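# Per-entry structural report
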Amino acid sequence: MKIILIVSHERSGTHFLIDSIVKNFNNAVFPRIRPSFSTVENLLLPHDNQVTENFYNFLFSDKDDAKFRIFKTHLLPDEFEIVLNNKIFFANLKDRKIVEFIYKNATKIYITRDVYDVIVSRYHYMKNGGGLQNGMHQRLAEISLYDFIRMPNYHIMPCRPFSDFDRNLITYWSYHVNQWSKNNVIHVSFEDLTRNFEKTIKSIAEKLGKTDLLVENISKPIMKRPSRYRILNVMRKIIKRILKIKSNNFESTAVQPRKGIIGDHKTLFSEEDYDFIKKQLDNIQ
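A quick note: this is a predicted structure, and the numbers were derived from the prediction, not measured.

## Things to note about the environment of Ala 141
Along the chain, Ala 141 turns up in the loop between α6 (136-139) and α7 (145-148). On the basis of relative accessibility, which here comes to 35%, the residue Ala 141 falls in the partly exposed class. Aside from chain neighbours lying at most four places away, what touches Ala 141 is Lys 127 and Met 136.

## Here we look at unusual backbone geometry
The amide bond that connects Arg 34 to the next residue, Pro 35, takes the cis arrangement and shows omega of 15°. Topologically, Pro 35 is positioned in the loop between β2 (28-29) and α2 (49-61). Positive phi is not limited to glycine here, since Arg 11 has a value of about 70°. In this structure, Arg 11 sits in the loop between β1 (2-8) and α1 (14-24). A positive phi angle, near 70°, is found at Asn 27, a position not held by glycine. Relative to the elements of secondary structure, Asn 27 occurs in the loop between α1 and β2. Accessibility expressed as a relative area gives 40% for Asn 27, which makes it partly exposed.

## Thoughts on the nonpolar core
Within the largest apolar cluster, 53 residues are counted, with the highest numbers of intra-cluster contacts made by Val 40, Leu 44, Phe 71, Phe 148 and Phe 269. At the level of elements, β1, α2, α3 (77-85), α4 (93-105), α5 (115-127), α7, α8 (169-181) and α12 (271-284) are the ones that each hand at least two residues to this core. With 8 residues, α5 is the single largest residue contributor to this core. Dropping the residues within four chain positions of it, Phe 148 is found in contact with Ile 119, Arg 122, Tyr 123, Met 126, Ile 143 and Leu 169. In terms of nonpolar packing, the next biggest core, distinct from the first, is built from 26 residues, Ile 18, Ile 21, Ala 205 and Leu 214 among them.

## Some thoughts on the sheet that holds strand β5 (residues 185-189)
Reading across from one edge, β2-β3-β1-β4-β5 is the order of the 5 strands in this open sheet, with parallel pairing throughout. Two strands in the sheet have a free side with no partner beyond their single neighbour: β2 and β5. As defined by bridge partners, β1 adjoins strand β4 (residues 107-112) across 5 bridges and the pair is classed as parallel. Its bridge partner lying in β4, Ile 6 is registered against Ile 109. Set on the sheet, helix α10 (residues 197-208) makes contact with β1, β3 (68-73), β4 and β5; between it and β5 the angle comes to about 180°.

## Describing the pattern of salt bridges
Oppositely charged side chains may form a pair once their charged atoms are brought near each other. Counting across every chain of the model gives 12 salt bridges. Of the charged contacts, one joins Arg 160 and Asp 166 as a salt bridge, the two residues approaching to 2.7 Å between their closest N and O atoms. The burial state of Arg 160 is the same as that of Asp 166; both residues are buried. Among the ionic pairs, Arg 167 bridges to Asp 164, the shortest N-O distance being 2.7 Å. Overlapping salt bridges bring together Asp 62, Lys 67 and Arg 69 as one network.

The rules we used
Residues numbered from 1 in each chain as written. Predicted model: local features only at pLDDT ≥ 70, side-chain atom pairs only at ≥ 80, totals over all residues. Heavy atoms only, no water. Helix = DSSP H or I, 4+ residues; strand = E, 2+ residues; numbered from the N terminus. Buried < 20%, exposed > 50% of the residue type's maximum accessible area, 1.4 Å probe, protein only. Contact = heavy atoms within 4.5 Å. Core = buried A, V, L, I, M, F, W, Y, C linked by side-chain atoms within 4.5 Å. Pairing = 2+ DSSP bridges. Axes fitted to C-alpha atoms, helices over the stretch in contact; angles between N-to-C directions. Salt bridge = Lys/Arg side-chain N within 4 Å of Asp/Glu carboxyl O.

Functional significance is not addressed by these values, which are geometric in nature.
Pasting the structure below:
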């Protein structure tokens, strides 16, 4: 059984990497499991027993060893360790078994992205209601990017307390990257995946020892357009149906995609913002 755990800080190109693997590796599967996909956090947050059963069946009951089972997480290593070392955290022991098996047995691929682009993407994502907490769209409706980068990190799972590295979004990003870099992970850069796609995919295959699973013609997945293009997307689907144009049967898993442009931050941050971010990173290092 081959299990892949895609790990990242939010808005680092997680789903672009997942889509790239699913599209270019034979038998790679990243299933929809209510409430979203095979995302580990869904077993740490409130859920019913059917969610647990769906995860359990995907991981253990399907006997197809040719499948490349893909899971995703934004958790810190600390958060994995806390829940697995706490005997009463999981009400359903199957949840513990699933999380522990994935954490200890999966090959981990960590994707990183330039911190400036990550923060800009996260700014728009949270203002549109994305993230762990409910009601972000209303509570952050008037927040500026200046204030956003200076506010504390609230992407905190219920298993851990607020920590010093949560003091702002930059220190949390740095901690996330540094903590996972100490683990045995395959590192992938969003910038490399974007600019040197085929070379990066082949490198991932080599590190996984699965070059034989690569498709013959490696190609980038078509990225979802942001929500403001939704009407255009619907019109394209209607035209395809009218003209009976066959789809390639590949559907992006991206969640609230933005532009995916490298260097998108350059027209958005002030010099004061750049100085603040640099100071936070310098103080950590």
